[in-house]
Amino acid sequence: MEKFIKLDTTAVPLPMENVDTDQIIPARFLKATTREGFGDNLFRDWRYDNNGKPISDFVLNNPTYHGKVLVAGKNFGCGSSREHAAWALHDHGFKVVVSSFFADIFKGNALNNGLLPVQVEPTFLHQLFEAIEENPEVVLSIDLENQKVSVPTKGLESHFDIHPYKKTCMINGYDDIDYLLSITEKIEQYEEKVN
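Residues numbered from 1 in each chain as written. Predicted model: local features only at pLDDT ≥ 70, side-chain atom pairs only at ≥ 80, totals over all residues. Heavy atoms only, no water.

Q: Would you mind going over a nonpolar patch on the surface with me for this structure?
A: Residues Ile177, Leu180, Leu181 and Ile187 make up a contiguous nonpolar surface patch of about 380 Å² in total accessible area. Looking at the nonpolar patch element by element, the count peaks at three residues for helix H7 (residues 176-182). Within the secondary structure, Ile187 is located in helix H8 (residues 184-194). (Patch = residues over 30% accessible without salt bridge, like charges linked within 9 Å, V, L, I, M, F, W, Y side chains within 5 Å. Areas by Shrake-Rupley, 256 points an atom, 1.4 Å probe, with all protein chains shown as cover. Salt bridge = Lys/Arg side-chain N within 4 Å of Asp/Glu carboxyl O. Helix = DSSP H or I, 4+ residues; strand = E, 2+ residues; numbered from the N terminus.)

Below you can see the structure in the form of structure tokens.
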């Protein structure tokens, strides 16, 4: 995984609630076993019509909005537990998803795949949507080390929670195996003590 410490970027707004994993990546695209290529079918049924032509009023087809952060409505990632939803978002280029609530399984899958889920208060989420609508080029700053998301030009800032273990993994670019390898010496010292 890539290291994640701080990100300053524009954002893509998706002010829809209860976006489930089948909407994020429809089941018919789950045939591959590697993580690559899923971004092409992210929100497939919302992005394209039955003939495969882009639906112009869907936000990912609107050139006004771009960036590495998806700002989504409440209860993002609900539904089935498919890890492919996190793969699709990450493969499309998103590094962060901001919402006022995430389904637990989606949140875990995101963190395991280098996608940072940032949960904020509903009021702050509303302020983010307003800031992006007012100026699509507004920059969001996501500071994992200090667990803050902000819009510096608007004076908006909010703290977010993350499990300390997952924070360590993301900052260092570790998956679970990498983390264990990073503490090999401590494991060996412990084994010597108990044996």
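Structure's up, so let's keep going.
Q: Would you mind showing me how to read the layout of surface pockets here?
A: Over the atoms, a rolled probe matching the size of one water molecule traces out where space is still vacant. Roughly 330 Å³ of internal volume is contained in the largest pocket. Of all the secondary structure elements, the ones that give two or more residues to the lining of the largest pocket are strand S1 (6-9) and helix H3 (84-92). For the lining of the largest pocket, the element with the highest residue contribution is H3, accounting for four residues. Across the lining of the largest pocket, the residue classes tally to seven nonpolar, three polar and eight charged. (1 Å grid on protein atoms, 1.4 Å probe; cavity = no way out; pocket = protein on both sides within 12 Å on 5 of 7 lines; lining within 4 Å. Points joined across faces, edges and corners; volume = space filled by probe spheres on them. Nonpolar A, V, L, I, M, F, W, Y, C, P; charged D, E, K, R; others polar.)

Q: What should I look at first to understand the pairing of strand S5 (residues 116-119) in this one?
A: Each regular strand displays side chains that alternate between the two surfaces of the sheet. Where strand S4 (residues 96-99) lies against S5, four bridges are found, and the strand directions are parallel. Within S5, the position partnered with Val97 by the bridge is Pro117. Chirality of the crossover, the property in question, places the unit of S4, helix H4 (residues 104-112) and S5 among those that are right-handed. (Pairing = 2+ DSSP bridges. Right-handed = clockwise from strand over helix to strand, strands pointing away.)

Q: Looking at this structure, I do not really get the nonpolar core. What am I missing?
A: With 28 residues, the main nonpolar core has Val71, Leu116 and Ile142 as its most contacted residues. Those elements giving two or more residues to this core turn out to be strand S3 (69-72), S4, S5, helix H5 (122-134), strand S6 (140-143), strand S7 (148-151) and helix H6 (164-172). For this core, the leading source of residues is H5, giving six residues. One finds Phe38, Phe58, Leu60 and Ala85 within the second-largest nonpolar core, a separate group that totals 27 residues. (Core = buried A, V, L, I, M, F, W, Y, C linked by side-chain atoms within 4.5 Å. Buried < 20%, exposed > 50% of the residue type's maximum accessible area, 1.4 Å probe, protein only.)

Q: I would appreciate a short explanation of the packing of H3 against H4 in the present structure.
A: Helix packing for two helices is described by the angle between their axes and how far apart those axes are. H4 packs onto H3 with a crossing angle of 50° between their chain directions and a minimal axis gap of 8 Å. Here H4 runs oblique to H3, going by the angle between their axes. Viewed along their axes, H3 and H4 form a crossing whose handedness is right-handed. For the pair H3 and H4, the contacting residues are Ala85, Ala86 and Leu89 in the first and Phe106, Asn109 and Ala110 in the second. (Axes fitted to C-alpha atoms, helices over the stretch in contact; angles between N-to-C directions. Parallel < 35°, antiparallel > 145°, perpendicular 65-115°, else oblique. Left-handed = near helix turned anticlockwise from the far one by under 90°. Contact = heavy atoms within 4.5 Å.)

Q: Could you clarify how one ought to interpret the environment of Asn61 in this entry?
A: Its place among the elements puts Asn61 in the loop between helix H2 (44-47) and S3. When the C-alpha positions of Asn61 and Asn146 are compared, they lie 33 Å apart, and in sequence the two are 85 residues distant. For Asn61, the contacting residues outside a window of four places in its chain are Arg47, Pro54, Ile55 and Ser56.

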